[in-house]
Amino acid sequence: MQQILPDLWETEVERPAPGLNTHAYLLTRPQGNILFYNTSKDSAWPVIQELGGISLQLLSHQDEVGQPLQLIRERFGAKLGIHELERDAAAKFCEPDLLFSESGPLIEGVDIIHTPGHTPGSTCFQVTGQDGLVYLFTGDTLYRAEGGDWRAGMIDGYSNRPQLQSSLHKLRTLAPDVVISSAFSGDASHQRLKDNEWQKLLDDALAELG
């Protein structure tokens, strides 16, 4: 694992398919650490333990489910959260404790944003970090591609284009400082944004989506 911000740690990269990379992210908080997305890398467990464990694991959508969910619960006692429309996929491995339905506050400092399109229950998470920075975890709704471009997670025959377009317009109204996707195809899944950069990134992603 490596530390990328004062309160945010990135797990070792995983490559579940050719050209597809993933990380999970641990947000350290006095009121309990949160793991965003999922990881199967055993090398993360000792570091996470030293950092205070995991109180809550949040999944952005069903593509992140897998056997590690149960392992994480057993090792750290972590509760699991996912959108209610993705509940059945997660429950094959671990029964969720928290099911989201509408956008809004989840716990202190964490807002859920329902962004259907990539999958029906795709959810983004907006978090206020330690230094007042706003982190936006976009799952696969918006991912960082090779070359640093951000693209909509549209998969023909799997995703819903009109819903995804609407979700990107919703995200465009936000003002994050750091954006962190789940899957990525470039050299990194996160980016610190400059002033007024976010809207242009979303406009480019919407233009490419069509």
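Throughout this description, residue numbers start from 1 for each chain and increase along the sequence as written. For a predicted model such as this one, the threshold for reporting local features is a pLDDT of at least 70, and the threshold for listing and counting side-chain atom pairs is 80 or more; totals across whole chains, interfaces and linings nevertheless cover every residue. Each side-chain value is worked out from all heavy atoms of the structure, with water and hydrogens disregarded.

A. Examining the overall build of the protein more closely. Every helix listed is a DSSP run of H or I at least four residues long, and every strand listed is a run of E at least two residues long, numbered separately from the N terminus. Assigned secondary structure in the protein consists of five helices and 18 strands. Here the C-alpha radius of gyration of the protein, 16 Å, is about what a compact globule of 210 residues would show, namely 17 Å. With respect to the three principal axes, the spread of C-alpha positions in the protein is 45 × 35 × 35 Å. Going through the 210 residues of the protein one by one, you find that 53% of them count as buried. Contact between two residues is taken to exist if any of their heavy atoms lie within 4.5 Å; hydrogens are not considered. Of the contacts made within the protein by residues no fewer than 6 positions apart, 52% connect residues no fewer than 24 positions apart. Of the roughly 9400 Å² that the protein leaves accessible, carbon and sulfur atoms contribute 47%. Put simply, the radius of gyration uses C-alpha atoms, and a globule should come to 2.2 Å times the residue count raised to 0.38. Burial classes: relative accessible area under 20% of the type maximum marks a residue as buried, over 50% as exposed, and values in between as partly exposed (1.4 Å probe, protein chains only). Note on areas: these come from Shrake-Rupley sampling with a 1.4 Å probe, and a residue is covered only by the protein chains present in the view.

B. Highlighting the nonpolar core. Counting 30 residues, the largest nonpolar core has Phe36, Ile54, Leu58, Tyr135, Phe137 and Ile180 as its most contacted members. Setting aside residues no more than four positions away along its own chain, Ile180 makes contact with Leu8, Tyr25, Tyr37, Tyr135, Leu136, Phe137, Thr138, Gly139, Trp150, Ser189 and His190. What we call a nonpolar core is a set of buried Ala, Val, Leu, Ile, Met, Phe, Trp, Tyr and Cys residues that are connected through their side-chain atoms within 4.5 Å. In terms of nonpolar packing, the next biggest core, distinct from the first, is built from 18 residues, Leu142, Trp150, Val179 and Leu202 among them.

C. Representation of the packing of aromatic side chains in the model. Any two rings among Phe, Tyr and Trp, with Trp reduced to its six-membered ring, count as a pair given centres within 6.5 Å; such a pair is stacked if its planes are under 30 degrees apart, edge-to-face if over 60, and tilted if neither. Applying the stated criterion across every chain, the model contains seven aromatic pairs. A ring pair is formed by Phe36 and Phe125, whose centres lie 5.7 Å apart and whose planes are at 55 degrees; its orientation type is tilted. You can see Phe36 sitting in strand β6 (residues 34-36) and its partner Phe125 sitting in strand β12 (residues 123-128), a full 89 residues away along the chain. Residue Phe36 shares its accessibility class with Phe125, and that shared class is buried. A centroid spacing of 3.9 Å and a plane angle of 10 degrees characterise the contact between Phe36 and Phe137, whose relative ring orientation is stacked. Placement of Phe36 in strand β6 and of Phe137 in strand β13 (residues 134-139) is noted, with a sequence separation of 101 residues between them. Neither residue differs from the other here; Phe36 and Phe137 are each classed as buried. Among the aromatic residues, those joined into a cluster by ring pairs are Tyr25, Phe36, Tyr37, Phe100, Phe125 and Phe137.

D. Geometry of the pattern of salt bridges. For salt bridges, the criterion is a side-chain nitrogen of Lys or Arg within 4 Å of an Asp or Glu carboxyl oxygen. With the rule as written, the count across this model stands at nine salt bridges. A salt bridge links Arg87 to Asp88, with the nearest nitrogen and oxygen atoms 2.8 Å apart. Across the pair Glu95 and Arg87 runs a salt bridge, and its minimum N-O distance is 2.7 Å. Each member of the salt-bridge network shares a partner with another, and the members are Arg87, Asp88 and Glu95.

E. Inspection of the side chain of Gln191 at higher detail. When you line up the elements, Gln191 lands in strand β18 (residues 190-192). The class for Gln191 is buried, based on a relative accessible area of 13%. Within the structure, Gln191 has its side chain in polar contact with the side chain of Trp150 (distance 2.7 Å). In contact with Gln191, other than residues within four places in its own chain, are Arg144, Gly148, Trp150, Asp177, Val178, Val179, Glu197 and Leu201. Pairing of N or O atoms within 3.5 Å defines a polar contact, subject to two protein rules: one partner must be a possible hydrogen donor and the other a possible acceptor, and residues neighboring in sequence count only if both atoms are side-chain atoms.

F. Representation of unusual backbone geometry within the structure. The phi dihedral of Tyr37 is positive, around 75 degrees, even though this residue is not glycine. Within the secondary structure, Tyr37 is located in the loop between β6 and α1 (44-50). Although it is not a glycine, Asn196 adopts a positive phi angle of roughly 65 degrees. Structurally, Asn196 is set in the loop between β18 and α5 (197-209). Judged by its relative accessible area of 69%, Asn196 is exposed.

G. Structural detail: the sheet that holds strand β11 (residues 110-114). DSSP calls a pair of strands paired once it identifies at least 2 bridges connecting them. Overall, mixed pairing links the six strands, which are arranged β10-β11-β12-β13-β16-β18 in an open sheet. This sheet does not close on itself; its edge strands, each paired only once, are β10 (104-107) and β18. Pairs of neighbouring strands in the sheet enclose a mean axial angle of 25 degrees, with direction left out of account. Pairing geometry for strand β16 (residues 178-181) and β18, over three bridges, is antiparallel. Looking at the pairing, Ile180 lines up with His190 of β18. Axis angles are defined between N-to-C directions and span 0 to 180 degrees, where every axis is a line fitted to C-alpha atoms and, for a helix, only to the segment in contact.

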